[in-house]
Structure formats: C-alpha cells, structure tokens
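Residues per chain are reported as follows:
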Amino acid sequence: KYLTVYKQKAMREAGYRLDLETAYKFRSCASVFAREQMKGIFGEDFPYDELRRRRQELMSDHIARFGIEKKPYVEETIKELKRRGYQTAVVTATAAPRPDVYLYACEKIGRKPEECMAVEDSPNGVNAAYQAGCHVTMVPDLTPADEEVKKMADHVVPDLRGLLEYLK
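Thresholds, definitions, all that
Each residue is numbered by its place in its chain's sequence as written, counting from 1. Totals for whole chains, interfaces and linings use all residues, but because this is a predicted model, local features are given only for residues with pLDDT of at least 70 and pairs of side-chain atoms are given and counted only at 80 or more. The basis for every side-chain value is the complete set of heavy atoms in the structure, and neither hydrogens nor water enter the calculation. Under the DSSP-based scheme used, a helix requires at least four consecutive residues in state H or I and a strand at least two consecutive residues in state E, with every element numbered from the N terminus. Burial here depends on accessible area, computed with a 1.4 Å probe over protein chains only, as a share of the maximum for the residue type. Under 20% is buried, over 50% is exposed, and the range in between is partly exposed. Salt bridges are defined as contacts in which a side-chain nitrogen from Lys or Arg sits within 4 Å of a carboxyl oxygen from Asp or Glu. Paired strands are those between which DSSP finds at least two bridges. Contacts are assigned to residue pairs that have any heavy atoms within 4.5 Å of one another. Helix axes use the C-alpha atoms of the stretch in contact, all axes being lines fitted to C-alpha atoms, and the angles between their N-to-C directions lie in the range 0 to 180 degrees. Expected span of a helix, by definition, is 1.5 Å for each gap between consecutive residues, and there is one gap fewer than residues. It is the directions from the helix axis to the C-beta atoms that the arc portrays. We call two N or O atoms a polar contact when they sit within 3.5 Å, provided that within protein one can donate a hydrogen and the other can accept it, with sequence-adjacent residues counted only if both atoms are side-chain atoms. Patch membership requires more than 30% relative accessible area and the absence of a salt bridge. Residues of like charge join within 9 Å; the nonpolar side chains Val, Leu, Ile, Met, Phe, Trp and Tyr join within 5 Å. For the accessible areas, the method is Shrake-Rupley and the probe is 1.4 Å, while residue cover comes only from the protein chains on display.

Q: It is not clear to me how unusual backbone geometry should be interpreted in this structure. Could you clarify?
A: Among all residues except glycine, the phi angle is most often negative; among peptide bonds, the trans geometry is most common. Located in the positive-phi region is Y73, a residue other than glycine, with phi close to 75 degrees. Assignment of secondary structure puts Y73 in the loop between helix 4 (48–66) and helix 5 (74–83). Y73 sits in the partly exposed class, given a relative accessible area of 29%.

Q: What is the right way to read the pattern of salt bridges from this model?
A: Note on pairing: side chains with opposite charge can pair once their charged atoms come close. Taken as a whole and assessed by the stated rule, the structure comprises 13 salt bridges. Of the charged contacts, one joins R54 and E13 as a salt bridge, the two residues approaching to 2.7 Å between their closest N and O atoms. Of the two residues, R54 is situated in helix 4 and E13 in helix 1 (residues 2–13); the sequence distance between them amounts to 41 residues. Here E13 falls in the partly exposed class, since its relative accessible area comes to 43%. A salt bridge links K71 to D141; the shortest N-O distance between them is 2.2 Å. A residue pair is termed long-range when its members are at least 10 positions apart, and K71 in the loop between helix 4 and helix 5 and D141 in the loop between strand 2 (135–138) and helix 8 (147–152) qualify at 70 residues. Residue K71 is classed as partly exposed on the basis of its relative accessible area of 36%. Looking at D141, the relative accessible area reads 35%, which means it is partly exposed.

Q: Help me understand the environment of Y86, please; the structure alone is not making it clear to me.
A: Assignment of secondary structure puts Y86 in the loop between helix 5 and helix 6 (100–109). By relative accessible area, which is 35% here, Y86 ends up partly exposed. Remark: the alpha-carbon pair of Y86 and A118, spanning 32 residues in sequence, is separated by 13 Å.

Q: Before we go on, may I ask you to explain the sheet that holds strand 3 (residues 155–156) in this structure?
A: Strand pairing within a sheet occurs via backbone hydrogen bonds; the two strands may be parallel or antiparallel. Taken together, the 3 strands give an open sheet; going across it, the order is 1-2-3, and neighbouring strands pair in parallel fashion. In the strand order of this sheet, the two ends are held by strand 1 (117–120) and strand 3, each with one partner. Where strand 2 lies against strand 3, 2 bridges are found, and the strand directions are parallel. Note on strand 3: the bridge partner recorded for M138 is V156. Running at roughly 165 degrees to strand 2, helix 7 (residues 123–132) makes contact with strand 1 and strand 2 of the sheet.

Q: Which parts of the structure should I look at to understand helix 3 (residues 31–42)?
A: Structurally, the α-helix is built with 3.6 residues per turn, so residues lying three or four positions apart point the same way. With 12 residues, helix 3 should reach 16 Å at 1.5 Å per residue; the first-to-last C-alpha distance of 15 Å fits that figure. What helix 3 keeps buried is the set A34, M38 and K39. Summarising the axial view, the buried residues of helix 3 lie within an arc of 130 degrees, below the 170-degree limit, and thus occupy one face. Those residues of helix 3 that are buried are in contact with helix 1 and helix 4. Residue G43 follows helix 3 closely and has a positive phi angle near 110 degrees.

Q: How should I be thinking about helix 9 (residues 160–167) in this particular structure?
A: When helix 9 is considered as a whole, its buried residues turn out to be L160, G162, L163 and L164. Where helix 9 begins, the capping side chain belongs to D159, and its oxygen is found 2.9 Å from the backbone nitrogen of R161.

Q: Please explain a nonpolar patch on the surface as it appears in this structure.
A: Side chains of M117, V119 and Y166 sit close together on the surface and give an oily, nonpolar patch of about 220 Å² of accessible area. For V119, a relative accessible area of 35% corresponds to the partly exposed category.

Encoded structure:
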C-alpha cells in the first residue's frame, strides 16, 4: 500500500498525476516493463528512473521510521503451514510478470513448480506464478481478482486465514 502512496507522491512532486487504478497495474511489475509502459502513458521524456529513485527514498524513510509492515495473519499462517508439514519459501521481487523468481525458488527448495503453491496478492504476481507453472492462490490486497486473474488462480481467498481453510 505504501509503495503506491509514495509512487504517487514522487510523481506529484515532479508534476505528474498517477491515479490508483494505473498505479495498481504496476504492482510487482519489473522496472524494465514498468519503464516502457509508463513512458507509453506519460510520454517518452517521462523521467522513470529519477522518479523510481525518489519513491525508493520515500519508502526507505518510511521503513526506517515504522519498519516493514506484515500482512494480517502472516506469522500465524506460516507457523501453521510448517506445523502441518508444508515446506515454505518467501518469494519477493519486482520481477513480475516474469516467472523467474518462482522458478528460482522452486529450484532452491528442490521442487517442481507444479508441486508448489504460490500465494499472491497482485495480478502481476499471480501471472508470474502461473507462468512458472505453480498452483496459485490469490489473497487480494489492493487489487481485486478480476476475470483474467481468476483464470490463472486456482483459488481466491479473502485473507491468509482463508488459505489455511482452503488447504484443509
């Protein structure tokens, strides 16, 4: 959530307006893709790298002051998954919609993608996990699961407690 807020702030400071709908399209999107898409929206002279650095400064300041905020029920869910014998890995990167980060994680834990479930909160993340060949459960955060996302996700749950219910 704060990533979007600070992305909007950096853009406002530079004289650009970024509405929430457009901002959410870039969640978990690799900079190489976001750069070109944003230049398509705002023009070839759009200072993507400069604004990205400014957003990173704003985020770093936020994290220094408040720490990294966790999703609701994340600790309890991971603890319960481990208690049930599930092997877990935390995968995070703004590599989406490419599957690389999921393929790498599967390799590191010694599993084939089709043996793994990815839990994602953004359409770009769902797409990355789906392209890797993982089973996908979406826990919508800022962006709801639209029809395209529902085609890629095996299941959509309202929060991480719903994931545990689904796995029963």
